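Spelled out from the first residue to the last, the chains are:
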Amino acid sequence: MIKFNFSDFLYPHRLLYWRHLLWKTQFQKPEILEKLQWKLFSDILDHCFNKVPYYQQLFHKIGLKRADFQSLNDLTRLPIIDRYVLLENAQQFKATDFNKYKPLKIRTSGTTGAPMNVYWDKGSNILELLCQYRHFSWSGYKLGDGILDIRSVVFQDEKKFKWNWKCKSLELSSDYINAENIDYYADLLRKYKIKLWRGYPQSIDYLCRLLNNAGIDDVKPQAVISVSVNILDYQRRFIETWTGKPLCDNYGSIEHIALICQCPHGGYHIAPEYGIVEIIKEDGTPAQPGEEGRIVATGLHNKAFPLLRYDTLDYAIASDKTCTCGRTLPLIEHLTGRINEFILTSNGKWVSGPHFPIQVANDIKKSQLIQEKQKPCTYIYCTNGKI
């Protein structure tokens, strides 16, 4: 749950421009989307050649010139980088005019155990805000509707919840909710008139089961969005059965380079205006429809801290299909793995293990969790979404 400040998004002209364009491009022909992507990529590529030390050194080392890039097909001339390259060269990824873009420093927990800092600038913040808003709108969300943000997280104070009036968001930690206090949390959902639930799927599933067991059915959401972790089949079935609404998955990255949004019809739509998404097999070649590969993404808006062909270490199945919703945005078949592991406690709660170390201490380079004692029943949350 990252602090929301209006000043990070308050650029009226850019907001209005992209609000109009994003609602239009989702139904445009693929060639128009490709033309827009090329325009945005050309702009960020010019910036990297002229003002980003890491890429200036890389291009010189491997002999790349700006003239070598004539279409999106030339993107593959660039080597793939990963978080370890980023950790070793963090300062070099900052543009020489870094401060011009009013960057916001974000510390990521590091789902592979290695935390790092990334930066969001005003351009990427606006696209993140509007692309998420567009996704929510597919399920009927309107600006001003109350949002529940529920995750497995440790609050830094004694509060049982946080109300963010700026975006009408009620922030809850599923770690604090149980059968004994479920009435209290149901009252919060009523008080703040929550219409959209968003959060970790295991947290949403847990809350639904507690409400169901308590016989509370007057706080059901009008829309449900899962984030950060693969949704398991049994979780989806129960959430959709209890709420009566389709659960729409949402894949994003802390680096602001890729966004994949599931619509109520089931399609996993890539947001091509936000970033370029490639599905790459282990041998480095593009995955064909039906094949699995890693999500490699290129951000199109973050000039303060640009990332080109960044390996997210997350997996998806490539697709060339179209969605029955009518949107022409490119699709993946589905997400098959996020490298974010969770622990199932003895009382049946999923908690986010990798997040805990950096919430209690700074300057941690790498963390590891060790289970010292074998329990009668041991569960492992696998990266491929299966137990």
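Remember, it's a predicted structure, so these values are computed and weren't measured experimentally.

Trainee: Give a detailed account of the pattern of salt bridges, specifying residues and quantitative values.
Mentor: The tally for this structure, following the rule as stated, stands at 16 salt bridges. Between Asp-46 and Arg-66 there is a salt bridge, with the nearest N and O atoms lying 2.5 Å from each other. Of the two residues, Asp-46 sits in helix 2 (residues 30-51) while Arg-66 sits in the loop between helix 3 (53-62) and helix 4 (83-88), which places them 20 residues apart along the sequence. Across the pair Glu-278 and Arg-309 runs a salt bridge, and its minimum N-O distance is 2.9 Å. Taken together, the positions of Glu-278 in strand 11 (residues 275-280) and Arg-309 in the loop between strand 12 (292-299) and strand 13 (310-318) put the pair 31 residues apart, joining distant regions of the chain.

Trainee: Help me get a handle on the sheet that holds strand 14 (residues 331-337), residues and values and all.
Mentor: Taken in spatial order, the 12 strands line up as 4-5-3-6-7-8-9-10-14-13-12-11 in an open sheet, and their pairing is mixed. Each of the sheet's edge strands pairs with one partner strand only, and the pair in question is strand 4 (161-164) and strand 11. Between one strand and the next, the sheet's axes are offset by a mean angle of 35 degrees, whatever the strand orientation. Along the sheet, helix 5 (residues 122-138) contacts strand 3 (146-151), strand 6 (194-199), strand 7 (223-227), strand 8 (247-252), strand 9 (259-262) and strand 10 (268-270); its crossing angle with strand 9, the most-contacted strand, is approximately 10 degrees. Along the sheet, helix 8 (residues 233-243) contacts strand 6, strand 7, strand 8, strand 9 and strand 10; its crossing angle with strand 8, the most-contacted strand, is approximately 130 degrees.

Trainee: I'd love a proper account of the pairing of strand 14, names of residues and values included.
Mentor: Within strand 14, 5 of the 7 residues are buried, leaving the element largely enclosed by the surrounding structure. Direction of pairing for strand 10 relative to strand 14: antiparallel, over a ladder of 2 bridges. Residue pairing for strand 14: His-269 is matched across the bridge by Leu-331. Relative to strand 14, strand 13 runs antiparallel, the two sharing 4 bridges. Its bridge partner lying in strand 14, Ala-318 is registered against Ile-332.

Trainee: Describe the packing of aromatic side chains, listing the residues and the values that go with them.
Mentor: Inspection of every chain in the model, using the stated rule, returns 18 aromatic pairs. Where Tyr-133 meets Tyr-141, the ring centres are 6.2 Å apart and the plane angle is 85 degrees; that geometry is what we call edge-to-face. Joined through ring pairs, the aromatic side chains of Phe-49, Tyr-54, Tyr-55, Phe-59, Phe-69, Phe-93, Phe-98, Tyr-119 and Phe-305 make up one cluster. A cation over a ring is seen here: Lys-160 above Tyr-184, with NZ or CZ 5.2 Å from the ring centre. The residue whose ring lies beneath Arg-209 is Phe-238, and the NZ or CZ to ring-centre distance is 4.0 Å.

Trainee: I'd love a proper account of helix 2, names of residues and values included.
Mentor: Residue pairs spaced three or four apart in an α-helix point in one direction, given the helix's 3.6 residues per turn. Taking 1.5 Å per residue, 22 residues should reach 32 Å; helix 2 reaches 31 Å between its end C-alpha atoms and fits that length. For helix 2, every residue scored as buried is listed here: Leu-33, Leu-36, Gln-37, Leu-40, Phe-41, Ser-42, Ile-44, Leu-45, His-47, Cys-48 and Phe-49. Where helix 2 is buried, its residues contact helix 1 (12-25), helix 3, strand 11 and strand 12.

Trainee: So what about the confidence of the model for the chain? Which residues, and what values?
Mentor: Of the residues in the chain, 82% reach a pLDDT of 70 or more, and the chain-wide mean stands at 87. Looking over the chain, one finds the lowest element-wise mean pLDDT in helix 9 (residues 356-360), namely 49, and the highest in strand 10, namely 98. A low-confidence stretch, residues 376-387 (pLDDT under 50), is modelled with 28 contacts involving residues beyond four sequence positions or located in other chains.

Trainee: Give me the lowdown on the state of the cysteines, citing residues and values where you can.
Mentor: One pass over the structure, following the stated rule, counts 0 disulfides. Cys-261 provides the cysteine sulfur closest to Cys-131, a residue in no disulfide bond, and the two sulfurs are 7.1 Å apart.

Reading guide: rules and limits
Residues numbered from 1 in each chain as written. Predicted model: local features only at pLDDT ≥ 70, side-chain atom pairs only at ≥ 80, totals over all residues. Heavy atoms only, no water. Salt bridge = Lys/Arg side-chain N within 4 Å of Asp/Glu carboxyl O. Helix = DSSP H or I, 4+ residues; strand = E, 2+ residues; numbered from the N terminus. Pairing = 2+ DSSP bridges. Axes fitted to C-alpha atoms, helices over the stretch in contact; angles between N-to-C directions. Contact = heavy atoms within 4.5 Å. Buried < 20%, exposed > 50% of the residue type's maximum accessible area, 1.4 Å probe, protein only. Phe/Tyr/Trp six-rings, centres within 6.5 Å; stacked < 30°, edge-to-face > 60°. Lys NZ or Arg CZ within 6 Å of the ring centre and 35° of its normal. Expected span 1.5 Å × (residues − 1). pLDDT = per-residue confidence, 0-100. Disulfide = S-S within 2.5 Å.

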